[in-house]
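Read off the chains here:
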Amino acid sequence: MAGGPRQLVDTFRREFNGEPHVYRAPGRVNLIGEHTDYNDGFVLPAALELATYAAASARPDRRLRVRSLLMDETLEFDLDEVDPKPRKDWSDYVRGVAVMLARAGHRLAGVDMMLWSDVPVGGGLSSSAALEVAVGYALLSESKLDVDLTALALTGQRAENEFVGMRCGIMDQFIACHGAAGHALLLDCRSLDWRLVPIDPKARLMICNSMVRHSHAAGEYNSRRHDCEEGVRLLSKALPGIKALRDVSIDQLERHAELLSPVVYRRCRHIVTENDRTVRAADALEAGDLALFGRLMAESHASMRDDFEITCSEIDVMVEIASRIPGVFGARMTGGGFGGCTISLVEASAVEGFKQGVANAYRDATGLDPTIFTCSPGAGVSTVRP
Ligand code: GLA
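Below: a short report on this structure. (Residues numbered from 1 in each chain as written. Predicted model: local features only at pLDDT ≥ 70, side-chain atom pairs only at ≥ 80, totals over all residues. Heavy atoms only, no water.)

**A short note on the sheet that holds strand E2 (residues 42-43)**
Hydrogen bonds between backbone atoms are what pair the strands of a sheet, whose relative direction is either parallel or antiparallel.
Point 1. Pairing is antiparallel in the open sheet, where three strands are placed in the order E2-E7-E8. Either end of the sheet is taken by a strand with one partner, and the two such strands are E2 and strand E8 (194-198).
Point 2. The sheet contact formed by E2 and strand E7 (residues 183-188) spans two bridges and is antiparallel. Within E7, the position partnered with Phe42 by the bridge is Asp188.
Point 3. Along the sheet, helix H5 (residues 171-178) makes contact with E2, E7 and E8, crossing E7 at roughly 130°. (Pairing = 2+ DSSP bridges. Helix = DSSP H or I, 4+ residues; strand = E, 2+ residues; numbered from the N terminus. Contact = heavy atoms within 4.5 Å. Axes fitted to C-alpha atoms, helices over the stretch in contact; angles between N-to-C directions.)

**Describing the site of the ligand**
Point 1. The environment of the ligand is made up of Arg28, Glu34, His35, Asp37, Tyr38, Cys168, Gly169, Met171, Asp172, Tyr221 and Gly336.
Point 2. Tyr221 places a side-chain nitrogen or oxygen 2.6 Å from an oxygen atom of the ligand.
Point 3. About the coverage of the ligand: the protein hides 94% of its 310 Å² of free accessible area.
Point 4. The residue makeup of the shell around the ligand, split by class, is four nonpolar, three polar and four charged. (Near = heavy atom within 4 Å. Polar contact = N/O pair within 3.5 Å; in protein donor to acceptor, adjacent residues only side chain to side chain. Areas by Shrake-Rupley, 256 points an atom, 1.4 Å probe, with all protein chains shown as cover. Nonpolar A, V, L, I, M, F, W, Y, C, P; charged D, E, K, R; others polar.)

**Some words on the sheet that holds strand E12 (residues 371-375)**
Point 1. Taken in spatial order, the four strands of this open sheet run E10-E11-E9-E12, and their pairing is antiparallel. Both outer strands of the open sheet, strand E10 (328-334) and E12, are each paired with one neighbouring strand and no more. Across the sheet, the mean angle separating the axes of adjacent strands is 20° when strand polarity is ignored.
Point 2. As judged from the eight bridges shared by strand E9 (residues 203-213) and strand E11 (residues 339-347), these two strands associate in the antiparallel manner. Bridge pairing links Cys208 to Thr342 in E11.
Point 3. Across the sheet, helix H10 (residues 313-324) touches E9, E10 and E11, and the angle it forms with E10 is around 170°.

Read these as spatial facts, not as claims about activity.
Structure representation (structure tokens):
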């Protein structure tokens, strides 16, 4: 749909007869550290310029009226309803956030809200966290309540875990809250300590959308999480103090591999090695060692493909194609898996050749036309003037 924040405001004025404030929360790309967040590990995402916008204004009653321009649907909820149930559609992300904010003790005002987004839905760029964070920020602001960004990220995750029913980790909501222009963010998902890591100006982050999204993605995500928990349960027989795979070293995993089924062992090996790669990759980026960063990306992809088994043939083809193009340091799938996007680290001067090379070879191999764009890391959630 055509649109943008300005059109969103025009439509709000026309249909809701009021003057809104506009709030924006970004999608994200993850440079490395996949499925490590719910294992108390490390991730290295960056916020995108693509974002979800919520135009909102407070109402005098206790109703939440929300219109999605993308879904072309308007729904109304009563903020005082006891024990609201999910509808199993897009509005669960909105309502779930309102419910979790109320459960955390916030007295929300009634709000009229209109939503628009240019984060592709199902593209693995976290359109859902962008929606949750934009909605949460808008609801708190319109209710004249203070916003604590880390608490907001946790509320978004809780809405997704407990209302939507997806057992995601904290990465997507956290970067939607704390992202900074020109930087990736290394997050310790246990302590929530983080540091910004500047993106080297000699390189570009290229995002390629494979244009496939396999329908079993959500079920497979929860089942991977279950495998990891099973790994912790079994390994704790030999390693009694461990709470998560974050606490297991590569040596310990090898030493106690016989406690695990072959599948659970491979799931654990992905997480344990991916944590190590993520911390090393952040250091490499800071030190300007782009070649090392690229090698770690390639290792991460192989580990997702062979051990965690969350890639698919189109994504593997796309990564292979990207990796062969001159000027590419490394490439990997990004996000939860089973389709979506790849991310490649590319020498700035090689970007045009990269775009053409990937588009042509991917089209030849799959018949699909990928969307390819340069990611300039943007800022986290804020109020904007359209
Ligand atoms: C999804 C989840 C995140 C994270 C990634 C995989 O995006 O929402 O919490 O687990 O998958 O790294």
